[in-house]
Structures are given as structure tokens and as C-alpha cells.
Number of protein chains: 4
Amino acid sequence: MFEHMTTIRVRYSETDQMGTFYNSRVLEWFEVGRTELFRAAGISYASTEDKNVLLPLVEASLRFEGRARYDDELTITSKCRMDGRASLRFDVNIVHASLQKPVASGGTRHAITDRAGKPIRPPHWLVQAISAESE
Amino acid sequence: MFEHMTTIRVRYSETDQMGTFYNSRVLEWFEVGRTELFRAAGISYASTEDKNVLLPLVEASLRFEGRARYDDELTITSKCRMDGRASLRFDVNIVHASLQKPVASGGTRHAITDRAGKPIRPPHWLVQAISAESE
Amino acid sequence: MFEHMTTIRVRYSETDQMGTFYNSRVLEWFEVGRTELFRAAGISYASTEDKNVLLPLVEASLRFEGRARYDDELTITSKCRMDGRASLRFDVNIVHASLQKPVASGGTRHAITDRAGKPIRPPHWLVQAISAESE
Amino acid sequence: MFEHMTTIRVRYSETDQMGTFYNSRVLEWFEVGRTELFRAAGISYASTEDKNVLLPLVEASLRFEGRARYDDELTITSKCRMDGRASLRFDVNIVHASLQKPVASGGTRHAITDRAGKPIRPPHWLVQAISAESE
């Protein structure tokens, strides 16, 4: 398992008329968490596609636990591990940085496929990177 | 339980570089389904907020089942029912209209609160509307 | 010049904490207008890319003229014409359908290129379609 | 005039099927630029709304000058000045950080109003902050 923490600020474009973030943004923040976790693990998510390894989302679950307003700083903690032999799982926790209150949590499960969408064996460099001890 | 079907087309802005829709759009399409289901049930989602009844999202789950490209027509089938005494549940199924292949499915659970975020008893007009036989 | 009118409803995901639509949505609504104008002119915007004709956006200008709330119905009127010999221009007007008040207006200019990004002569079927009398 | 530079990475959710960013994202990146410029000038954009000062967008213009892919780093340079006595203007330049190639540029003009939408005189703290020499 590899764990990583990153920080974002709520954009005005991510708010809605309830004055908090719109619900679908959480999936976009999960993606920011995955990107930065991969970078910390020494993998570029962008270059996995160049290597003909795609990680299409199969399932996602989300819990909405608290509000966050425009410009609030959020801490995204992501954990990545193999889920069975052919899929990857991220568990994510988003917390309001200054209030230390939960904002949202959940997870995503990803297939491992080639560009044609055919499932492939997880490449060695991927398995190794996410099995490394997090810094 | 109240059931309703509505149709959308995938916008260019909803695609991503994989050539299919970006995952968070599904939550936005679920919202389109809720809005149109409520309209069919004789409720305006917009006016529930004016009546001091808010339905904040508490949980969501999504399964990504197939691709959909720009301008493809999608059929969104939404079902709404009370979930316990204090929350509302929508189950949603999104299908590619011409291919009749599954695209995404899942559900959302909503609390029933006032504008201050305090849970309230589900108003009578809401319970009645979603208990009606769908047309 | 070809002119076309289409209708959308403001999605909850398109609102922001000011209670009106977030500004970038207007560019997404312009795109809905272009797509539907093309359909009315007998062209599928999606299939132009299959024909190796891309219409990348070069310039856009927007004026924000009025508010629109969640679920409000908006009328998008789009006009399309050649702009010089190598670019396409859309002029768009968005009006609140029931109040008949202006919401936003503006335009976009598009290059005409192949998939490699090289400018190409506007294909005959494109010029002809947008020169037709609108229905 | 106050000038400020900030950096973002293109999110996967911001790409489209052409493999570059979708056009409306530029307006969202302009907003990130405004937010960070204000922070550097000692103003919190979020708290201006609490002080009953709103800066609704009146006009925007955009030029699309180059591609940017998922995870590319972009440099946003924003300049802010009074535009006449009752409006604020931002000029923005977005450049691909590693390639040093132009990506997009343009500007936005904002009215200065109270929460009811009535134009107000620009508050002293606002005029002073953006007239300061940039660091």
C-alpha cells in the first residue's frame, strides 16, 4: 500500500448555490489525489497511458461528511493498493485543513487495461511502486 | 416509489482524453435525472429550497459499465423512494439509447433538512408525491 | 448564414455560491448551441472529426447580461457563418425563456484544420450547409 | 496595477476528447489567477463577499493559443487594475511552464456591486491593494 497527502483549495467554479462544493467535484478531487500519489510513487499517471496501460474507473463510492466553502483549503489523503490480481483500489479521505473536520471520503476501483480496453496483467513497475513504503 | 425516464446528449465538455465521458459527469447526470423525476412527480426541486426543505447528498455509489461518446444520446432512468424515515434514495440507470448498452448506474442517498442543515420530518407533499404511481 | 435556436435548463452543477450560473458554463452552453445548429444544418459535429475536419476554438468573447437560477429554462440562439476563407464564426445569444431577459451573449471563432492541426480549406459540404437558408 | 503569477496542473477532468484542455476551463483558470492575485495583494476574495462587495463578471475575452495536456504545468500571470471608476479589470496570460509556449490569454471585466447587485464605489482597501507595487 502506498499513501500520500496533497492539498487543494476549493475553486469558485466548484461551489454551488447551497454555498458549499457541488457533489461531483469530489470525484475530481479524488483524481487529483491519485495523480499526486502516483507522482510521489515515482509514476507519472500521464505516461502510463503512453505505455499502453490504462486505469479506467470501474466503481466509485462517496460519503459527503461536511461543508467546504470557496477558497477553503482541503487535505486529500489517498491510499493505493492492488485489489485482487487485476484491479487497483484507491481509498481517499478529504478533510478541511484548518478546521480538521471531515469533508468527504470514499474510494475508487480501477481496471488495468490496454488502450483497446482489454484487461492486462498489472505491469511490474506499477505493482512495485505502490507496494513501496510511503515516504 | 416513483420512476421516471429522461434523455440527454453527451456534451463535448463532458468528454475526456480517453474519448469517453469523464467520470464525475455521471453524478451531474444523476442530478438531471432527479430534477426531471421531481418535475414528473409534480414537485419543483428548485422550489423545495424556497420551502426551506433541502435534500443534501449524503452518499453516492457509481458503477461505470460502458463508454459513451460526444453527442451520444443517453437514457437516464431514476427511481425515488423514502429510505427509512428521514432520508430519500434515488436509484439510477444510464443506458446508451441507440446501442441499448449500459453506461453507468448507481444511487444517491439524501438527508432531509432545513436551510440550517437540521434534519426535519419529510414534508407530507414530498412523501405523497414520490409514493404516487408513476405515469 | 445559418441560424438555430435550442433550449436548455440550468443544472444545479452549473450554479455557484452567488446563486446564479458560474461564468464558464456559458462557453459550454455555446457548445450546445453549435452542436444543435450543426444538427439542424444536416451536419453531425461528431462526424466532422471522423472526416478529419476539426474546428478548434481560436477566440471567444462573452458578455454577462443577467442572472439565471437552477432549473430556469434558457433559449440559445446561434448563428454560423464563414469568417474569411479559413475560419468559422458563431454568434450566440442566450435569453431567459420565461422572463425574456438577456442572460449572456457573445461569439466564438474556429479554425478549420485536420487532425494534425494543419489549416485546411473548408470542405464543400460545410460551406454549403451553413450557407443554406435556415428552416 | 498589481501583478501576480501562480501555477496549476491540468486535471484529467479538464481534458476533452481532442486530447487538450476543454475551452471553458480557461475561465476557471482565470478565476484561480484572480484568487491568488488577491491573496498576494492582501485581500481574501472570499471575504470581499462577507464585506458586501461583489465583483460579478461583466465581460470576458479569450484567445486559445496552444495545447496543454493532462498533468502539464501551466503558469498563470494575472494583472489587475481599475477600469474607469466603477469596474475592475484582469488581464491574464497562461503559458506552458516547461515548454514556455503560450496556451491562452485574455481578460475579464468585473462590476463592483453590493449583494443586491447595485453598483457601489470601489472600497478604499480594494483600490489601495491593487495600486500597490507588486512584490
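As a reminder, the structure under discussion sits directly above these lines.
1. Considerations on the relation of the copies chain D and chain C
Here comes step 1: After a rotation of 180° and a shift along the axis of 0.0 Å, chain D superposes on chain C with an RMSD of 0.0 Å. The two molecules are tied by a two-fold rotation axis, judged by turn and shift. No C-alpha of chain D approaches the rotation axis more nearly than that of Ser-61 of chain D, which lies at 2.2 Å.
Here comes step 2: A symmetric contact is evident, with 100% of the interface residues of chain D recurring at the interface of chain C.

2. Considering the sheet that holds strand S1 (residues 2-9) of chain D
Here comes step 1: Overall, antiparallel pairing links the 10 strands, which are arranged S1(C)-S3(C)-S4(C)-S5(C)-S2(C)-S2(D)-S5(D)-S4(D)-S3(D)-S1(D) in an open sheet. In this open sheet, the two strands that pair with only one neighbour each are strand S1 (2-9) of chain C together with S1 of chain D. Shown here is a sheet whose adjacent strand axes are inclined to one another by a mean of 15°, direction ignored.
Here comes step 2: The sheet contact formed by strand S3 (residues 73-83) of chain C and strand S4 (residues 87-96) of chain C spans 10 bridges and is antiparallel. Bridged to Thr-77 of chain C within S4 of chain C is Asn-93 of chain C.
Here comes step 3: Its contacts with the sheet put helix H1 (residues 25-40) of chain C on S1, strand S2 (57-64), S3, S4 and strand S5 (102-111) of chain C together with strand S2 (57-64) of chain D, and the angle it makes with S1 of chain C is roughly 130°.
Here comes step 4: Each of S1, strand S3 (73-83) and strand S4 (87-96) of chain D touches helix H3 (residues 124-131) of chain D; the most contacted strand, S3 of chain D, lies at about 125° to it.

3. Considerations on the interface of chain B and chain A
Here comes step 1: At the junction of the two partners, chain B supplies 21 residues and chain A supplies 21 residues.
Here comes step 2: Carbon and sulfur atoms make up 55% of the area that chain B and chain A hide from each other, which totals about 1800 Å².
Here comes step 3: At the boundary of chain B with chain A, the tally comes to two salt bridges.
Here comes step 4: Where Glu-28 of chain A meets Arg-25 of chain B, a salt bridge forms, and the shortest distance between an N and an O atom there is 3.8 Å.
Here comes step 5: Viewed at the interface, chain A and chain B are joined by 10 residue pairs in polar contact (both at pLDDT 80 or more).
Here comes step 6: At the level of elements, helix H1 (25-40) and strand S2 (57-64) of chain B are the ones that each hand at least two residues to the side of chain B that touches chain A.
Here comes step 7: When the residues that make up the side of chain B that touches chain A are grouped by side-chain class, the tally is 10 nonpolar, four polar and seven charged.
Here comes step 8: Relative to S2 of chain B, strand S2 (residues 57-64) of chain A runs antiparallel, the two sharing five bridges. In the strand pairing of S2 of chain B, Ala-60 of chain A is matched with Leu-62 of chain B.

4. Quick notes on empty space enclosed by the protein
Here comes step 1: For the structure shown, the criterion picks out two cavities of 30 Å³ or more.
Here comes step 2: The space that makes up the largest cavity amounts to roughly 250 Å³.
Here comes step 3: Together, 20 residues line the largest cavity, and Arg-25 and Glu-28 of chain A, Arg-25 of chain B, Arg-25 of chain C together with Arg-25 of chain D are the ones closest to its centre.
Here comes step 4: Among the residues forming the lining of the largest cavity, the class breakdown is no nonpolar, four polar and 16 charged.
Here comes step 5: Within this model, the second largest cavity holds a volume of roughly 30 Å³.

What counts and what doesn't
Just so you know, the residues in each chain are numbered from 1, in the order the chain's sequence is written. The naming scheme follows written order: chains are lettered A onward, ligands numbered 1 onward. Note on the predicted model: pLDDT of at least 70 is required for a residue's local features to be given, and 80 or more for side-chain atom pairs to be given and counted; whole-chain, interface and lining totals, by contrast, use all residues. Hydrogen atoms and water are omitted, and side-chain values are computed over all heavy atoms in the structure. Residues below a pLDDT of 70 in either copy are left out; the C-alpha atoms of the rest, at least 70 in both, set the least-squares superposition of the copies. In this analysis, two residues are considered to be in contact whenever any of their non-hydrogen atoms come within 4.5 Å of each other. Each pair of strands is called paired provided DSSP finds at least two bridges between the two strands. Strands are runs of DSSP state E lasting at least 2 residues, helices are runs of H or I lasting at least 4, and numbering of each runs from the N terminus. Helix axes use the C-alpha atoms of the stretch in contact, all axes being lines fitted to C-alpha atoms, and the angles between their N-to-C directions lie in the range 0 to 180 degrees. The buried area of a pairing is the accessible area, by a 1.4 Å probe, that goes missing from both parts when the two are put together, added over both. By convention in these notes, a salt bridge is any Lys or Arg side-chain nitrogen within 4 Å of a carboxyl oxygen on Asp or Glu. Under the rule applied, a polar contact is a pair of N or O atoms within 3.5 Å (in protein, one hydrogen donor and one hydrogen acceptor; residues adjacent in sequence only if both atoms are side-chain atoms). We call Asp, Glu, Lys and Arg charged. Ala, Val, Leu, Ile, Met, Phe, Trp, Tyr, Cys and Pro are nonpolar, and the rest, Gly among them, are polar. Put simply, the grid is 1 Å and covers the protein atoms alone, a cavity is a trapped set of points that fit a 1.4 Å probe, a pocket is an open set with protein on both sides within 12 Å along at least five of seven lines, and lining residues have an atom within 4 Å of a point. Grid points are joined across faces, edges and corners, and a volume is the space filled by probe spheres set on the points.

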